[in-house]
Amino acid sequence: MDLKDAKRELRKEKIAAREALTEEERFSCSAAICRRITETQAYRDAGTVFAYKWVRGEVKLDSLEEAVAHDGKRLVYPLCVSRTEMIAVEPGDGEDAWKDSGSFGIREPDPEKGRICDPSEIDLVICPCSSFDEEGHRLGMGGGYYDRYLPGCINAARIAAAFEVQKADSVPADEHDCIVDAVVTEKCCYINKEND
């Protein structure tokens, strides 16, 4: 099996595992994951946090958004601007600052009502994933957006948010796939020892 097929199979398997969680499990696990993220040194040190708007079975970041607001940090979100590129936008105030049906059905900030943020301004990136391993390899949804965006986040710590059921013994990786500093699940925080 080649690398692309191996990624596809693992992605399918772990998305199914993620989606098999009940709503109650997803809610309680998501809250625990957000709490663990806020307990990390990377979060405590961050002034600007890049977080995703969750869809389908992804970890819900409601609690993290509330913590960021409470702690007076700046929160920015991804906006897909092409089939290969995304940018970070700090949303404006009010519901009209959001586009309800952005790329891939994900709610996205309206850049005309917010402020575009340079990747170098970001201190912490919270990444979604379909699967991960203990070495910090994350498998996204196949678009490569984060793998292309993260190298520009030169001052940012990188944390993937995932449910424990998404863990794999090993995630197949290309040379250009970005490794995260840590993966936070409801059970623990897996630290990438190479970046520790």
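Just above, that's the structure.
These numbers were taken from a predicted model, which means no experiment stands behind them.

J.: Would you mind going over the nonpolar core with me for this structure?
T.: If you look at the biggest cluster of nonpolar residues, it comprises 50 residues, and the most contacted ones within it are Phe 50, Leu 61, Ile 122, Val 125 and Ile 126. Filtering out sequence-adjacent residues up to four positions away, Val 125 remains in contact with Phe 50, Tyr 146, Leu 150, Cys 153, Ala 156, Ala 157, Arg 158 and Ile 159.

J.: Looking at this model, I keep getting lost on the packing of helix α2 (residues 23–38) against helix α4 (residues 62–70). Mind explaining?
T.: In a packed pair of helices, the relevant descriptors are the angle between the two axes and the axis-to-axis distance. For the pair α2 and α4, the least separation of the axes is 7 Å and the interaxial angle reads 35 degrees. Facing Ala 31, Cys 34, Ile 37 and Thr 38 of α2, the residues of α4 in contact are Ser 63, Leu 64 and Ala 67.

J.: What exactly am I supposed to notice about the pairing of strand β7 (residues 124–127) here?
T.: A regular strand places its side chains so that they alternate between the two faces of the sheet. Neither face of β7 is exposed, since Leu 124 and Ile 126 on one face and Val 125 and Cys 127 on the opposite face are all buried. Relative to β7, strand β1 (residues 48–50) runs parallel, the two sharing 2 bridges. Bridge pairing links Phe 50 to Val 125 in β7. Relative to strand β10 (residues 157–161), β7 runs parallel, the two sharing 4 bridges. Within the sheet, the bridge partner assigned to Val 125 lies in β10 and is Arg 158.

J.: Help me out: how do you make sense of the side chain of Lys 53 in this one?
T.: Mapped onto the secondary structure, Lys 53 falls in the loop between β1 and α4. Residue Lys 53 is classed as buried on the basis of its relative accessible area, which comes to 15%. Within the local environment of Lys 53, its side chain forms a polar contact with the side chain of Glu 65, the two groups lying 2.9 Å apart.

What counts and how
Residues numbered from 1 in each chain as written. Predicted model: local features only at pLDDT ≥ 70, side-chain atom pairs only at ≥ 80, totals over all residues. Heavy atoms only, no water. Core = buried A, V, L, I, M, F, W, Y, C linked by side-chain atoms within 4.5 Å. Buried < 20%, exposed > 50% of the residue type's maximum accessible area, 1.4 Å probe, protein only. Contact = heavy atoms within 4.5 Å. Axes fitted to C-alpha atoms, helices over the stretch in contact; angles between N-to-C directions. Helix = DSSP H or I, 4+ residues; strand = E, 2+ residues; numbered from the N terminus. Pairing = 2+ DSSP bridges. Polar contact = N/O pair within 3.5 Å; in protein donor to acceptor, adjacent residues only side chain to side chain.

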